[in-house]
Amino acid sequence: MNARLASLQVLQQIVQQGQKLDNALDSVIPQLEQSRDQGLLQHLCYGVMRWYPQLEFLLSQLLHKPLKKKDADLRLLLLLGLYQLRFTRIPAHAAVDETVALTKRLNKGWARGMVNAVLRNYERRQNELELRLEQAPTARTAHPPWLLTALQQAWPDHWPAIVEANNTQAPMALRVNDRRGNRDTYIKRLLDAGLEARPAAHTESGVILQDPCPVEQLPGFATGEVSVQDGAAQLAATLLDAQPGERVLDACAAPGGKSAHLLERQPDLQQLIALDVDAARLQRVQDTLSRLALTATLVTGDAARPASWWDGQPFDRILLDAPCSATGVIRRHPDIKLHRRQSDIPALATTQHAMLLALWPLLKPGGTLLYATCSVLPEENTQQVERFLATGNTARHVPLGASWGYPLSAGQQILPGEDEMDGFYYARLVKTS
Ligand SMILES: C[S@@+](CC[C@H](N)C(=O)[O-])C[C@H]1O[C@@H](n2cnc3c(N)ncnc32)[C@H](O)[C@@H]1O
């Protein structure tokens, strides 16, 4: 096994079997012993996913006729080769030779000549291909057509910056556990360990690492002094602002980043219920809380059907970090470009609306519900909250008045890359009676 063959396996799992990039990587990484190979594997897989629409376009220009369906593996091999030539500093001869050599590992030695010719042609025809790319917006921006149109419609002034951020690797962001230390001291410890870092804007405990590193290298990670979490996600606990003695529901809790932060920030809650419909993902919440020595009540259940899990005791605060298109976190999960379909958006919006309607009666009068998504699409954000407010219930929208992002008619939006944060949406709803 080498890094390129491993990359091909990961790409096959994503493209041919519909798996998520993270999960596919987790299943293949252990097959590589050297950390250098593991790094190359990650770099190649993230890169190919990030630029997939563009690489596909280039390949279509370079092939005389489309490859047969049974040669889907060769197609991915060619995309992997093109990625190395176009976006990495790997010497061209090594990129071509290593890619050609893999045809044998696929038992397709007959394709050696074709793979070699396509990659060499790319090098020869680069200038002409650049001009063609200029004429093909979805290929140039490396976004599927429906998503590019949706971004242009939703953010007429900002879509070029969103697209650019989506195609840029996100920084590694950390959250220092306030119960165990403070940010300034932890930044000094990072520097002592040779890791350059700075405070993350707008957060109470966030840190941005200059260069990403394996979590094992972070001082105190195993003992719960720090967690990995984007700055925008860290705003949830601050905005929810849970108080001592309160009963709080995290309605879509897995993998548990925000639950953990809520508990770190407010040690004296009466109870935190961490709910998720997915029992396997809920186990990850338990793992996170165990590492941080925190306790919550973990419940497997459907947030849109409280009758099956709610004990009838109302909540002071509810965090609804709803399942969404994840269009704000494409820079961290570039396979979203491939997996997400336009038809997913109305389906997600229906689920989000059902959750809001179902959870509202669980809130005490005067209580707060914080609605959050990592989406940049209005259907899941402002329109969703406005639709809920229009149902004539006891909800009042309370603007966040935040110094980050963009205030909207309902809620506040952070766009990806702004102040080094992921794209996130937050809206605060208070129950009037
Ligand atoms: C955006 S993620 C939550 C991330 C989490 N709050 C965190 O900070 O780590 C959305 C979660 O909603 C869960 N989910 C999806 N449908 C659900 C439902 N009907 N009821 C409860 N949870 C649901 C998914 O399993 C997923 O874990």
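Residues numbered from 1 in each chain as written. Predicted model: local features only at pLDDT ≥ 70, side-chain atom pairs only at ≥ 80, totals over all residues. Heavy atoms only, no water.

### Remarks on the packing of helix 4 (residues 52-62) against helix 7 (residues 112-124)
- Their axes nearest at 10 Å, the elements helix 4 and helix 7 cross at an angle of 105°. Of the possible angle classes, the one that applies to helix 4 and helix 7 is roughly perpendicular. Here Leu-58, Leu-59 and Leu-62 of helix 4 come into contact with helix 7, specifically with Val-118, Asn-121 and Tyr-122.
- A breakdown of the residues in the contact of helix 4 with helix 7 according to their chemical character gives five nonpolar, one polar and no charged. (Axes fitted to C-alpha atoms, helices over the stretch in contact; angles between N-to-C directions. Helix = DSSP H or I, 4+ residues; strand = E, 2+ residues; numbered from the N terminus. Parallel < 35°, antiparallel > 145°, perpendicular 65-115°, else oblique. Contact = heavy atoms within 4.5 Å. Nonpolar A, V, L, I, M, F, W, Y, C, P; charged D, E, K, R; others polar.)

### Some words on the layout of surface pockets
- Each pocket or cavity is described by its volume, and for the second largest pocket that value is around 270 Å³.
- What lines the second largest pocket is a set of 13 residues, and nearest its centre among them are Leu-63, His-64, Lys-65, Leu-67 and Met-114.
- Broken down by element, the lining of the second largest pocket gets its largest block of residues, four residues, from helix 7. (1 Å grid on protein atoms, 1.4 Å probe; cavity = no way out; pocket = protein on both sides within 12 Å on 5 of 7 lines; lining within 4 Å. Points joined across faces, edges and corners; volume = space filled by probe spheres on them.)

### What to know about helix 14 (residues 257-265)
- Of all nine residues making up helix 14, seven are buried, and the element is well covered by its neighbours.
- Residues Lys-258, Ser-259, Ala-260, His-261, Leu-262, Leu-263 and Glu-264 constitute the buried set of helix 14. (Buried < 20%, exposed > 50% of the residue type's maximum accessible area, 1.4 Å probe, protein only.)

### Brief notes about empty space enclosed by the protein
- Counted under the stated rule, the structure contains one cavity of 30 Å³ or more.
- Lining the largest cavity we find Ala-173, Ala-200, Ala-201, Ile-208, Asp-230, Gly-231, Asp-419, Glu-420 and Met-421.
- Residue classes in the lining of the largest cavity are distributed as five nonpolar, one polar and three charged.
- Per-domain counts for the lining of the largest cavity show at least three residues from each of domain 2 (173-227) and domain 3 (231-431). (Domains from an automatic or database assignment.)

### Comments concerning the site of the ligand
- In the region of the ligand, 19 residues are neighbours, and Asp-276, Arg-281, Asp-302, Ala-303 and Asp-321 sit closest.
- Within the backbone of Gly-257, one N or O atom sits 3.0 Å away from an oxygen atom of the ligand.
- For the ligand, an oxygen atom lies 2.7 Å from a polar atom in the side chain of Asp-276.
- Calculation on the ligand without its partners gives an accessible area of 600 Å², and the protein chains cover 84% of this total.
- Here the shell around the ligand is built from residues that sort into ten nonpolar, three polar and six charged. (Near = heavy atom within 4 Å. Polar contact = N/O pair within 3.5 Å; in protein donor to acceptor, adjacent residues only side chain to side chain. Areas by Shrake-Rupley, 256 points an atom, 1.4 Å probe, with all protein chains shown as cover.)

### Side note on the environment of Glu-33
- Within the secondary structure layout, Glu-33 lies in the loop between helix 2 (21-28) and helix 3 (35-50).
- Among the residues examined, Glu-33 registers a relative accessible area of 77% and is labelled exposed.
- Put simply, Glu-33 and Arg-89 are 56 residues apart on the chain and 23 Å apart in space, counted from C-alpha to C-alpha.

### As for the domain arrangement of the protein
- Taken domain by domain, the protein consists of domain 1 (3-140), domain 2 (173-227) and domain 3 (231-431).
- Taking only C-alpha atoms into account, the centre of domain 2 sits 25 Å from that of domain 3.
- Across the boundary between the two partners, domain 2 contributes 21 residues, which contact 20 residues of domain 3.
- In this assembly, domain 2 packs against domain 3 so that about 1,700 Å² is buried in total across both faces, 43% of it on carbon and sulfur atoms.
- Sorting the residues of domain 2 by area buried against domain 3 places Arg-175, Arg-179 and His-202 first, and these three jointly supply 42% of that buried surface.
- When the shortest N-O distance is used, the salt bridge between Arg-265 and Glu-204 registers 2.9 Å.
- Those elements giving two or more residues to the side of domain 2 that touches domain 3 turn out to be strand 1 (173-176), strand 3 (206-209) and strand 4 (226-228).
- A per-element tally of the side of domain 2 that touches domain 3 places strand 1 first, with four residues.
- Broken down by class, the residue content of the side of domain 2 that touches domain 3 amounts to eight nonpolar, eight polar and five charged. (Buried area = accessible area lost by both parts, 1.4 Å probe. Salt bridge = Lys/Arg side-chain N within 4 Å of Asp/Glu carboxyl O.)

### So, the packing of aromatic side chains
- Per the counting criterion, the structure on display carries seven aromatic pairs.
- On the basis of an interplanar angle of 70° and a centroid distance of 6.3 Å, the ring pair of Tyr-371 and Tyr-425 is categorised as edge-to-face. Of this pair, Tyr-371 sits in strand 9 (residues 363-373) while Tyr-425 sits in strand 13 (residues 424-431), placing them 54 residues apart in sequence. Of the two residues, Tyr-371 and Tyr-425, both sit in the buried class.
- Ring geometry for Trp-404 versus Tyr-426: centroids 6.1 Å apart, planes at 65°, classification edge-to-face. (Phe/Tyr/Trp six-rings, centres within 6.5 Å; stacked < 30°, edge-to-face > 60°.)

### What about the nonpolar core?
- Of all hydrophobic cores here, the largest spans 52 residues; its most connected members are Val-10, Leu-41, Leu-82 and Val-115.
- Listing elements by their share of this core, those giving two or more residues are helix 1 (3-15), helix 2, helix 3, helix 4, helix 5 (72-87), helix 6 (92-105), helix 7 and helix 8 (126-134).
- If you tally residues by element for this core, the top one is helix 5, at nine residues.
- Ignoring sequence-local partners within four residues, the contact set of Val-10 consists of Leu-21, Ala-24, Leu-25, Val-28, Leu-41 and Cys-45.
- Core analysis: the next-biggest nonpolar cluster, separate from the first, contains 50 residues, Val-163, Leu-240, Ala-372 and Val-376 among them. (Core = buried A, V, L, I, M, F, W, Y, C linked by side-chain atoms within 4.5 Å.)

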